[in-house]
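Coordinate inspection notes
If you want the building blocks of each chain, they are given just below.
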Amino acid sequence: MEDYHKPDQQTVQALRNIANLDCCASTFSGQAAQSAPALYSMWVETGFLKESELLNMCQVDSSLEGHLIPRQQFVDVTTGYLGQGLGVACGIAYTGKYFDKASYRVYCLLGDGEMSEGSVWEAMSFASYYQLDNLVAIMDINRLSQSDSAPLQHHAEKYQRRCEAFGWHAIIVDGHSVEELCKALSQPRHQPTAILAKTVKGKGIPAAEDKMGWHSKSLSKDMAEMVMKDLQSRIMSTSKHLYPPTPVEDAPPVSLRNIRMASAPAYKPGEKVISTRKAYGMAITKLGRYNERVVALDGDTNNLTYSEIFKNEHPNRFVECYVAQQNMVSVAMGCAARERNVVFASTLASFFTRAYDQLRMAAVLDSSINLCGSHCGLSTGEEGPSLMGLEDMAMFRALPRTTIFYPSDGVSTEKAVELAASTRGVCYIRTSRQDSAVIYNSNEDFHVGQAKVVYQNKEDQVTVVAAGVTLHEALAAAEHLKKERIHVRVIDPFTIKPLDVKTITDHTRATRGRILTVEDHYYEGGLGEAVCSAVVNETGFNLHRLAVSHVPHSGKPQELLKIYGIDRDAIAQAVRKMLSTSTNAK
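Residues numbered from 1 in each chain as written. Predicted model: local features only at pLDDT ≥ 70, side-chain atom pairs only at ≥ 80, totals over all residues. Heavy atoms only, no water.

The chain carries the name transketolase in an unreviewed UniProt entry, which gives Hippocampus comes as its organism. Recorded in UniProt under Sequence similarities (unreviewed entry), the annotation for the chain is "Belongs to the transketolase family." Taken directly from UniProt, the Subunit (unreviewed entry) text for the chain runs: "Homodimer." (UniProt positions renumbered as here; feature names shortened; annotations may be inferred.)

1. Section: the confidence of the model for the chain
Overall, the prediction assigns the chain a mean pLDDT of 89, with 93% of residues at 70 or greater. Note on residues 1-8: pLDDT is under 50 here. Beyond four places in sequence and across chains, it has 22 contacts. Contacts of residues 10-32 to residues separated by more than four positions or lying in other chains number 74 contacts, the stretch itself having pLDDT below 50. (pLDDT = per-residue confidence, 0-100. Contact = heavy atoms within 4.5 Å.)

2. Some details on the pattern of salt bridges
Evaluation of the coordinates by the stated rule reveals 19 salt bridges. One salt bridge in this structure joins E313 and R289, with 2.7 Å as the shortest N-O distance. In this pair, E313 is assigned in helix α11 (residues 308-313) and R289 in helix α9 (residues 276-290), connecting sequence segments 24 residues apart. (Salt bridge = Lys/Arg side-chain N within 4 Å of Asp/Glu carboxyl O. Helix = DSSP H or I, 4+ residues; strand = E, 2+ residues; numbered from the N terminus.)

3. Side note on the UniProt feature "domain: Transketolase-like pyrimidine-binding" (unreviewed entry) in the chain
In the UniProt entry, the feature "domain: Transketolase-like pyrimidine-binding" (unreviewed entry) is given for residues 274-438. Along residues 274-438 the backbone is 39% helical and 21% strand, and the end-to-end C-alpha distance reaches 7 Å.

4. Digging into the side chain of D520
For D520, the position within the fold is in strand β17 (residues 514-522). Buried charged residue D520 carries no salt bridge. Nearest counter-charge: R430, at 5.6 Å. Of note is the side chain of D520, whose polar atom sits 2.8 Å from the backbone nitrogen of L378. Residues in contact with D520, not counting those within four places in the same chain, are C376, G377, L378, S379, G389, L390, Y406, R430, V469, T470, V548 and I566. (Buried < 20%, exposed > 50% of the residue type's maximum accessible area, 1.4 Å probe, protein only. Lys, Arg positive; Asp, Glu negative; His and termini not counted. Polar contact = N/O pair within 3.5 Å; in protein donor to acceptor, adjacent residues only side chain to side chain.)

5. Things to note about helix α2 (residues 36-46)
The element α2 is extensively covered by neighbouring structure, given that 8 of its 11 residues are classed as buried. Residues of α2 that are buried include every one of A36, P37, A38, L39, Y40, S41, M42 and V44, and no others. G47 sits one or two residues past α2 and shows a positive phi near 90 degrees.

6. Digging into unusual backbone geometry
Following K497, the chain continues to P498 via a peptide bond in cis, the omega torsion being 0 degrees. Among the structural elements, P498 can be located in the loop between β16 (495-497) and α17 (501-510). A positive phi angle is found at K101, which is not glycine, with a value near 50 degrees. Relative to the elements of secondary structure, K101 occurs in the loop between α4 (85-99) and β1 (106-111). A positive phi angle, near 65 degrees, is found at D300, a position not held by glycine. Looking at the element boundaries, D300 is found in the loop between β6 (294-298) and α10 (302-305). The exposure class assigned to D300 is partly exposed, which follows from its relative accessible area of 42%.

7. Examining the environment of G113
Tracing the sequence through the fold places G113 in the loop between β1 and α5 (118-129). C-alpha of G113 to C-alpha of I141: the two residues are 28 residues apart in sequence and 8.5 Å apart in space.

8. Describing the side chain of E114
Inspection of the secondary structure puts E114 in the loop between β1 and α5. Of the side chains with opposite charge, K201 comes closest to the buried, unpaired E114, at an N-O distance of 12 Å. Only 3.0 Å separates the side chain of E114 from the backbone nitrogen of G111, close enough to count as a polar contact.

9. A word on the nonpolar core
In terms of nonpolar packing, the biggest core is built from 80 residues, with L86, L135, M139, L297 and F396 touching the most fellow members. With 8 residues, α4 is the largest single contributor of residues to this core. Once you skip the residues sitting within four places of it in the chain, M139 turns out to touch L110, M115, M124, C163, A194, I195, L196 and A197. Counting 33 residues, the second largest nonpolar core, distinct from the first, contains L390, A466, V488 and L561. (Core = buried A, V, L, I, M, F, W, Y, C linked by side-chain atoms within 4.5 Å.)

In structure tokens:
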């Protein structure tokens, strides 16, 4: 954790003077978190912020934080994490070139320390492939990182060769020369541009220049005064003035309000069997017919997630991100920035674990991106445990301001897609590989945080909460138990987060406190633990859970459901055991 201190008046004035020497960019998206004070000071100069606000920076009652947070109109994305800014900038630049077809340019400030992150090079590859000539990455090559030297130190030519190998135009400049920077920024561009600004950290401060131990530390009063005098003398000694052209406002107006399906789902109970992953592909394609700002991304799995249906019908709004899941999430954040697009990004559920750092920052940013994880749980079958998403709900439940949809048939999948399009924050839609019967009527009304009671009787003795493939197993178990005159109530939560606590607790009370959860997920962090948290303060509740207890084996999905104890037979047996235990207790 870096140390930040409330800046004194001298530091504020020094920052403002630095701001007067810098060139302003029309779009800001970057990694250099320590640039936040300089950025704030520029907005003080414009009159947008008050100097008193800058003096209060990093305090608990201030909106100006140590790392940029979108609490001001001039901040589009969060900084403070490493290696993600360029991917987000790629998404903004892609939107500008291909969706908005506008002239604005995107500038991303990076530090040389974060150039060790693989996600930076994923982004560089993406930008080159899509010829994002409206994107400029300004890399501060100052040699020093957080606790040691950066691996390439001041060898800017090595950075240049690497950037060129990735298809970028790379320019080495003296990062302390405003004239060189402006000349580099004004060059014609036919490909993404990397400006390698070679600098000396702490330049002009003898005690700190090119020395370790000064990362993110404040200057003493005496040192700040010295720096301020030096900057003032440099400003006074030059007669040159910079007048950058005003950016042209030629991006089209966009409205993302009331994005809805124009018609109800075409599925009918008992008439059509479809996997929820295919229903997802059909749903985003249908949604894309009614709003041209609906876009889809995928990570070279579009024939598995069925986003290929969208790709075939709306090829100009489909972005192939290839096998680079971290960058795909970052690009999705960029595409969704400034509310320019409704973004759906899909891959296998297990692959999102690779992008957890990006997902975490999307949640901090409160980015409205919609993610679909296909092949969740044991439904992956013969592919084996490496591709089985069995921890994805735990992962997304841990993130703040997220919504987790777990549809169980074609109708609820289409409704989940429609709701996700207008739900603020990160939305995750969990889909399965194998086909499932249609449960709901096309006119069924769905809401975020509202469960569905899909099977009930006034004589019900146990409440079973299940979703996805296990909902179908629970319904089959209920039918079987009915022949034994054992009645169970089956609830589909629809959203795992937020969970419909009232519906679950009310119906559990109606079944004398007996509740059973069944999930195609590990025990840790999934549906069962969500229900546990919901009923923890309830008295007289008897909760049992069925989930995947250990790393599974390859096999046919139905065989695996049976082996790992989450199929219809296991559910029926668990219900019998609960009733037997409660009878014996009496």
